[in-house]
Number of protein chains: 2
Amino acid sequence: MNFLNEVTMRFPRAVSFAPGRPFGPLFGDPERMFDHARRYLAHLAAEGRSPEQVREALFQYGPASGIIRDLIADSLRLDEGIVVPPDAVVVTSGAQEAMLLTVRALIAGQDDVLLVSTPCYVGITGVARLLGVTVVAVPEGPTGFDPATLDEVIRAERARGRRPRACYVVPDHSNPSGNTIPLAARSALLSLAARHDFLVLEDSPYRLVSPGRQLPTLKAMDERRRVVQLGSYSKTFFPGVRVGFVVADQPVTDGAGRQTLLADEIAKIKSMVTLNTAPLSQAVVGGLLLEGEGRASAFTAPASAFYGDAMRHTIELLDRWFPADRREAIGVRWNTPTGGFFLTLQVPFRADGAALARSAEDYGVIWTPMSYFYPDAGGETSIRLSVSYLTPEQLEEGVARLARFVTAEAAR
Amino acid sequence: MNFLNEVTMRFPRAVSFAPGRPFGPLFGDPERMFDHARRYLAHLAAEGRSPEQVREALFQYGPASGIIRDLIADSLRLDEGIVVPPDAVVVTSGAQEAMLLTVRALIAGQDDVLLVSTPCYVGITGVARLLGVTVVAVPEGPTGFDPATLDEVIRAERARGRRPRACYVVPDHSNPSGNTIPLAARSALLSLAARHDFLVLEDSPYRLVSPGRQLPTLKAMDERRRVVQLGSYSKTFFPGVRVGFVVADQPVTDGAGRQTLLADEIAKIKSMVTLNTAPLSQAVVGGLLLEGEGRASAFTAPASAFYGDAMRHTIELLDRWFPADRREAIGVRWNTPTGGFFLTLQVPFRADGAALARSAEDYGVIWTPMSYFYPDAGGETSIRLSVSYLTPEQLEEGVARLARFVTAEAAR
């Protein structure tokens, strides 16, 4: 990603489809953060805590598993129909820490491997690199995650003596491809997890800020406790809050031979990484959930509408610049996500760093080579477009520039 | 530590010398936190940022290395005479993350080892366990860290083909022993680091809340960039802020062959652990530093006085209960730290979990077996007493109970 950052710095006037960030103007007034924190502290007082206990909750060291587990468990039930006890929740310093803790908890032996539906989010491969964990790519098909491929990869790994312990997926409007796992494939993934004895790591940060009805989460469909859900409030609320969570209700036996939950083991690991998540940040999230009468989704309608419009608008613009006949003649195509921040553009040339530099310098448009999201080889002729960080005017100008660039490259 | 937690839960009325926590009543009003954050945001505006840029600093993803590096670098100069550029600072989610990132950055090969002055803080051994890093204990002498022992340990490690890469010390009022490294030993440590080519990891969370003049930090004495300083605001401000930092001004060559600072490599690792430290927490720390005209020490006089009094009072009480002749007859002794939270009590019996259970149940007093702080064997007849979390009345009652317990155990 360093090269991408450099290109972005060198061409500040380019329209950039690179950053997978929330749209800034959706954020409110900073004073509202303090209101949310106050609401949570008032809630603690209303629950019977003394003023001194409330102060200690905010200022003192706290439990590694967090102080808003109950509110998060409530919101999972109300927003997603996921029924888990608060004890199964660990609050983390963002979903990135949730990944680190979970992978560290699950992958122990030399022969253990982490399966990753690919192309994949760089956060999960970064964690694996940090921990020295072997990643095995499970290539997406043309419409996304493919259970048959997963089955083949697992059999091949088993045959060479390795043990797939977990499979990481972004089931809804994936980063980076924009693909969504269909319902039947979700069921198939859960069956495979039970059959081959691995856990599914479900990471779905975009679903609550996507328009319309979403498919059920894997965790909501999880009858056999095969799913560990990784949660993020970066898109639902805002990235700066740095609060995420893990839902891990799997029964395990701890070092002392006691029956406990995987969440407890994850909390122990957290105590060696960040001790506990900043209580002020937890108080802001807690206050937001309380204001939403328990639901995170109470606040996400404006964001869902904005990102949904951005995605539709981008696809319309691509259709306009590349009508069906032209599209075929040049060899360009794209998927059509109904939500999330990203879509995949297939192009008839190598979409590498050199192409990106030409695009930025000669056409004033920046994007991310999809090959950056493959642990091994792959994605050499694909582009990730992020639509989340641009105004409608920037989208118009950006797609126009992109169309000129792609047309010129195709003719080279 | 689990057993200690269980004992603490089972005997809630016992006086506990176990928790190494700041004293709660020193914390202010939660509303003051919001004032600090506001002051930092006003500072950004005064520096010329637009209202939208200020909002983005608080709400958006931010740089992995942090947003208050300049203020931290200023405070290190004003408080400690440490002169480093802001680029050498990485803001972390507490000192625990600082340890994880630094150990991960420095210990790469199978033969690399981490030296740890022992008894030692469990945070550092936890990080090593998490990362699969080999820890080699460097036993403290009767007055604390001993350069001659370190030299011997390094030679022995070298002789067996291992490569000591870093040595972790808490130079001021150490957790757990309470010992302080004298000036001559600090110089000797820095000379050894240069001679044997390793880095010193300096962790000193207690010095700004200790009374009187402190010895210079290792980093302030560091003429050859042999020291990486790990910073914490948990005692200086409050634990719930979850902000720490690393100072790493060592020149290194990155993966692409570019000259950079170790801090940059540490920031890259942070982007795989927590992405960035919550900007709201950074804003609170930034606002405090601004209010203190750049100094963290502007606020620590009440805490220094409180903890200094607690330590003196505890030592007076031990003197009263164990006058010199009695002390010798029983075989009890203790060190006399001039600051920090902890002191070491040597006893004439095995101070293990069973003894702790008897102490809690029969005498109503809890403490931490010093053996918990040894990576291998050691400390079997020592106790860590923490004086930070008790009122003067609790100290009086606690030492009285402890004296009765120790006397009874000695007579068993």
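Look up: the structure comes first, before these words.
So, a few notes on the structure that sits alongside this text. Computed from a predicted structure; not experimentally measured.

Reading the values: rules and limits
- Residues numbered from 1 in each chain as written.
- Chains lettered and ligands numbered in written order.
- Predicted model: local features only at pLDDT ≥ 70, side-chain atom pairs only at ≥ 80, totals over all residues.
- Heavy atoms only, no water.
- Least-squares fit on C-alpha atoms with pLDDT ≥ 70 in both.
- Contact = heavy atoms within 4.5 Å.
- Buried area = accessible area lost by both parts, 1.4 Å probe.
- Salt bridge = Lys/Arg side-chain N within 4 Å of Asp/Glu carboxyl O.
- Phe/Tyr/Trp six-rings, centres within 6.5 Å; stacked < 30°, edge-to-face > 60°.
- Helix = DSSP H or I, 4+ residues; strand = E, 2+ residues; numbered from the N terminus.
- Buried < 20%, exposed > 50% of the residue type's maximum accessible area, 1.4 Å probe, protein only.
- Polar contact = N/O pair within 3.5 Å; in protein donor to acceptor, adjacent residues only side chain to side chain.
- Pairing = 2+ DSSP bridges.
- Axes fitted to C-alpha atoms, helices over the stretch in contact; angles between N-to-C directions.
- Left-handed = near helix turned anticlockwise from the far one by under 90°.
- Nonpolar A, V, L, I, M, F, W, Y, C, P; charged D, E, K, R; others polar.
- Core = buried A, V, L, I, M, F, W, Y, C linked by side-chain atoms within 4.5 Å.
- Parallel < 35°, antiparallel > 145°, perpendicular 65-115°, else oblique.
- Disulfide = S-S within 2.5 Å.

A few words on the relation of the copies chain B and chain A. In summary, the two copies of the chain are related to each other by a rotation about an axis coupled with a shift along it. Rotating chain B by 180 degrees about the axis while translating it 0.0 Å along that axis superimposes it on chain A, leaving an RMSD of 0.0 Å. Taken together, the rotation and translation describe the operation of a two-fold axis. Of the residues that chain B buries at the interface, 100% are likewise interface residues in chain A, meaning the two copies contact each other through the same surface.

The next subject is the interface of chain B and chain A. Of the residues lining the interface, 55 residues belong to chain B; the matching set on chain A comes to 55 residues. In total, about 4900 Å² of surface goes out of reach between chain B and chain A, with carbon and sulfur atoms giving 61% of it. Sorting the residues of chain B by area buried against chain A places Phe59, Tyr61 and Met272 of chain B first, and these three jointly supply 16% of that buried surface. The interface formed by chain B and chain A holds four salt bridges in total. In this structure, Glu31 of chain B and Arg38 of chain A form a salt bridge, with 2.5 Å as the shortest nitrogen-oxygen distance.

Turning next to the packing of aromatic side chains. All names here are of chain A. Applying the stated criterion across every chain, the model contains 31 aromatic pairs over all chains. Arranged with centres 5.6 Å apart and planes meeting at 85 degrees, the rings of Phe349 and Phe405 form a pair that is edge-to-face. In this pair, Phe349 is assigned in the loop between strand E12 (342-346) and helix H13 (353-363) and Phe405 in helix H14 (residues 392-411), connecting sequence segments 56 residues apart. An aromatic cluster is defined as three or more aromatic residues linked by ring pairs; in this entry it consists of Phe23, Tyr206, Phe306, Tyr307, Phe341 and Phe342.

Attention shifts here to the side chain of Asp222 of chain B. Residue and element names in this part refer to chain B. With respect to the secondary-structure elements, Asp222 resides in the loop between strand E6 (199-203) and strand E7 (227-232). Using a relative accessible area of 13% as the deciding quantity, one classes Asp222 as buried. Within the structure, Asp222 has its side chain in polar contact with the backbone nitrogen of Arg225 (distance 3.0 Å). At 3.1 Å, the side chain of Asp222 forms a polar contact with the backbone nitrogen of Val227.

The next thing to look at is the pairing of strand E3 (residues 112-118) of chain A. Residues and elements named next belong to chain A. Most of E3 sits inside the fold, with seven of its seven residues counted as buried. One ladder, built from five bridges, connects E3 with strand E5 (residues 163-169); its direction is parallel. By the bridge assignment, Leu115 is partnered in E5 with Cys167. Both E3 and strand E4 (residues 134-139) contribute to a ladder of six bridges, which runs parallel. Directly across from Thr118, in E4, lies its bridge partner Pro139.

A few words on the sheet that holds strand E2 (residues 89-92) of chain A. All names here are of chain A. On the basis of which strands lie adjacent, the open sheet formed by seven strands has the order E2-E8-E7-E6-E5-E3-E4 and mixed pairing. Looking at which strands have only one partner, the edges of the open sheet turn out to be E2 and E4. The mean inter-strand angle of the sheet, taken between neighbouring strand axes irrespective of direction, is 20 degrees. Seen against the sheet, helix H9 (residues 262-270) touches E2, strand E6 (199-203), strand E7 (227-232) and strand E8 (244-247) and runs at an angle of roughly 25 degrees to E2.

The next point concerns the environment of Leu4 of chain B. Residue and element names in this part refer to chain B. Note that Leu4 resides in helix H1 (residues 2-10). Residues Leu4 and Val365, spaced 361 residues apart in sequence, show a C-alpha to C-alpha distance of 12 Å. Contacts of Leu4, omitting those with residues within four sequence positions, involve Ala18, Leu356, Ile366, Trp367, Thr368 and Tyr372.

Let us look at the packing of helix H11 (residues 301-321) of chain A against H14 of chain A. Residue and element names in this part refer to chain A. Relative to each other, H11 and H14 sit at 35 degrees, their axes nearing to 10 Å. Between H11 and H14 the crossing geometry is right-handed. Each of Ala310, His313, Thr314, Leu317, Leu318, Arg320 and Trp321 in H11 lies in contact with H14, whose residues at this interface are Pro392, Leu395, Glu396, Val399, Ala400, Ala403 and Arg404. A class-by-class count of the residues in the contact of H11 with H14 yields nine nonpolar, two polar and three charged.

So, on to the environment of Phe145 of chain A. Residues and elements named next belong to chain A. For Phe145, the location among the structural elements is in the loop between E4 and helix H7 (147-159). You can call Phe145 buried: its relative accessible area is 6%. Separated by 27 residues in sequence, Phe145 and Thr118 have C-alpha atoms that sit 8.1 Å apart. When near neighbours in sequence (up to four residues on either side) are disregarded, Phe145 contacts Ser117, Glu140, Leu150, Val169, Ile181, Ala185 and Leu189.

Residues and elements named next belong to chain B. Read across the sheet, four strands follow the order E11-E12-E15-E14 without closing on themselves; strand pairing throughout is antiparallel. Whereas interior strands pair on both sides, the edge strands pair on one side only; in this sheet they are strand E11 (333-334) and strand E14 (368-369). Bridging between strand E12 (residues 342-346) and strand E15 (residues 382-386) involves five bridges; their strand directions are antiparallel. Within E15, the residue paired with Thr344 across the bridge is Arg384.

Take helix H3 (residues 51-59) of chain B next. When H3 of chain B is considered as a whole, its buried residues turn out to be Val54, Glu56, Ala57, Leu58 and Phe59 of chain B. Close packing links the buried residues of H3 of chain B with helix H2 (30-46) of chain A together with helix H2 (30-46) and helix H10 (279-291) of chain B.

On to the nonpolar core. Ranked by internal contacts, the top residues of the largest apolar core, which has 140 residues, are Leu114 and Tyr233 of chain A together with Leu114 and Tyr233 of chain B. When neighbours within four sequence positions are excluded, Tyr233 of chain A is seen to be in contact with Ile72, Ser75, Phe238, Val241, Val243, Phe245, Val285, Leu289 and Ala296 of chain A.

Let us look at the pattern of salt bridges. Counting across every chain of the model gives 53 salt bridges over all chains. Between Asp249 of chain A and Lys219 of chain A there is a salt bridge, and its shortest N-O distance comes to 2.8 Å. Placement of Asp249 of chain A in the loop between E8 and strand E9 (251-253) and of Lys219 of chain A in the loop between E6 and E7 is noted, with a sequence separation of 30 residues between them. Residue class for Asp249 of chain A comes out buried when judged on its relative accessible area of 8%. For the salt bridge of Lys268 of chain A with Glu265 of chain A, the shortest nitrogen-to-oxygen distance reads 3.0 Å. Placement of the pair is Lys268 of chain A and Glu265 of chain A together in helix H9, with a separation of three residues, close to one helical turn. The class of Lys268 of chain A is partly exposed, set by a relative accessible area of 34%. Through salt bridges with shared partners, one network takes in Glu6 of chain A together with Asp254, Arg258, Glu265 and Lys268 of chain B.

Residue and element names in this part refer to chain A. Contact geometry for helix H1 (residues 2-10) and H13: axes closest at 10 Å, N-to-C directions at 15 degrees. Between H1 and H13, the angle falls in the class roughly parallel. In this structure, H1 crosses over H13, and the sense of that crossing is right-handed. Residues Phe3, Leu4, Val7 and Arg10 of H1 form the contact with H13, whose participating residues are Gly353, Leu356, Ala357, Ala360 and Glu361. Taken together, the residues of the contact of H1 with H13 break down into six nonpolar, one polar and two charged.

Further remarks concern the state of the cysteines. All names here are of chain A. Inspection of the entire model under this criterion finds zero disulfides over all chains. Of all cysteine sulfurs in the structure, the one in Cys167 sits closest to Cys120, which takes part in no disulfide; the separation is 10 Å. Here Cys120 falls in the buried class, since its relative accessible area comes to 2%. You can call Cys167 buried: its relative accessible area is 0%.

Residues and elements named next belong to chain A. Along E2, one buried face is formed by Val89 and Val91 and the opposite face, lined by Val90 and Thr92, is buried too. As paired strands, E2 and E8 are joined by four bridges and run antiparallel to one another. Each residue of the ladder has a partner; that of Val89, found in E8, is Val247.

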